[in-house]
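Residue-level structure breakdown
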Amino acid sequence: MTPVRLQSAPVRFDPRLTDEDREIGGGRTGVGVVTKPETKTAKPALYKVLMLNDDYTPMEFVVLTLQRFFKMTIEDATRVMLHVHQRGVGVCGIFTYEVAETKVNQVIDFARQHQHPLQCTMEKD
Ligand code: TYC
């Protein structure tokens, strides 16, 4: 009877390995370095929603708009409205792109419905 030779399958030459890697177990040493997996989730870009001053929109309407769409207290809304009135532009909040875009459209629609020229825009933070 022919003796059965116990032999492991030939290991394919892997050009990516160094000689050191090949030394034991054909590069499959079962030994490795534990590395933290790379985190590939990028944080979304943020956008400032800006309120613009004009000469016609009533101050109370701007305060109401800031309370309604930016969940501000009457005190914060009044402070932001006065800042915009005095400086020409002011930040209502900082949001991801789609949320910022929705808020800008809500403000513009609300102002139009009430025949006010109030304008709102967004810019990358
Ligand atoms: N300037 C306006 C007025 O005097 C008030 C106002 C404030 C308008 C802020 C727009 O974003 C604005 N009635």
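To keep things clear, this report deals only with the structure shown in the data block. The model shown is predicted, which means the values in this text are computed figures rather than measured ones.

Attention now goes to the site of the ligand. Close to the ligand lie Met 51, Leu 52, Asn 53, Asp 54, Thr 57, Met 59, Val 62, Met 81, Val 84, His 85 and Leu 118. For the ligand, an oxygen atom lies 2.8 Å from a polar atom in the backbone of Leu 52. Protein coverage of the free-state accessible area of the ligand, which is 340 Å², stands at 89%. When contributions to the shell around the ligand are tallied by element, the ones reaching two or more residues are strand 1 (46-52), helix 2 (59-70) and helix 3 (74-87). The dominant element in the shell around the ligand, judged by the number of residues it contributes, is helix 3, at three residues.

As a further point, take helix 4 (residues 97-113). Between its terminal C-alpha atoms helix 4 stretches 24 Å, which fits the 24 Å expected from 17 residues at 1.5 Å a residue. Within helix 4, the full set of buried residues consists of Ala 100, Lys 103, Val 104, Val 107, Ile 108, Phe 110 and Ala 111. Taken around the axis of helix 4, the buried residues stretch over an arc of 165 degrees, which confines them to a single face. Turned more than 90 degrees off the buried face of helix 4, the exposed positions are Glu 98, Arg 112 and Gln 113. Against strand 1, helix 2, strand 2 (89-96) and strand 3 (119-124) lie the buried residues of helix 4.

All right, on to the nonpolar core then. By size, the foremost hydrophobic cluster in this structure holds 24 residues, and its most contacted members are Val 49, Met 51, Leu 66 and Phe 70. Going through the elements one at a time, strand 1, helix 2, helix 3, strand 2 and helix 4 are the ones with two or more residues in this core. Those residues in contact with Phe 70, other than ones at most four positions away along the chain, are Val 49, Thr 65, Cys 92, Phe 95, Lys 103 and Val 107.

Definitions and limits used
Residues numbered from 1 in each chain as written. Predicted model: local features only at pLDDT ≥ 70, side-chain atom pairs only at ≥ 80, totals over all residues. Heavy atoms only, no water. Near = heavy atom within 4 Å. Polar contact = N/O pair within 3.5 Å; in protein donor to acceptor, adjacent residues only side chain to side chain. Areas by Shrake-Rupley, 256 points an atom, 1.4 Å probe, with all protein chains shown as cover. Helix = DSSP H or I, 4+ residues; strand = E, 2+ residues; numbered from the N terminus. Expected span 1.5 Å × (residues − 1). Buried < 20%, exposed > 50% of the residue type's maximum accessible area, 1.4 Å probe, protein only. Arc of directions from axis to C-beta. Contact = heavy atoms within 4.5 Å. Core = buried A, V, L, I, M, F, W, Y, C linked by side-chain atoms within 4.5 Å.

So, to be careful, I would describe these as geometric facts and stop short of saying anything about function.
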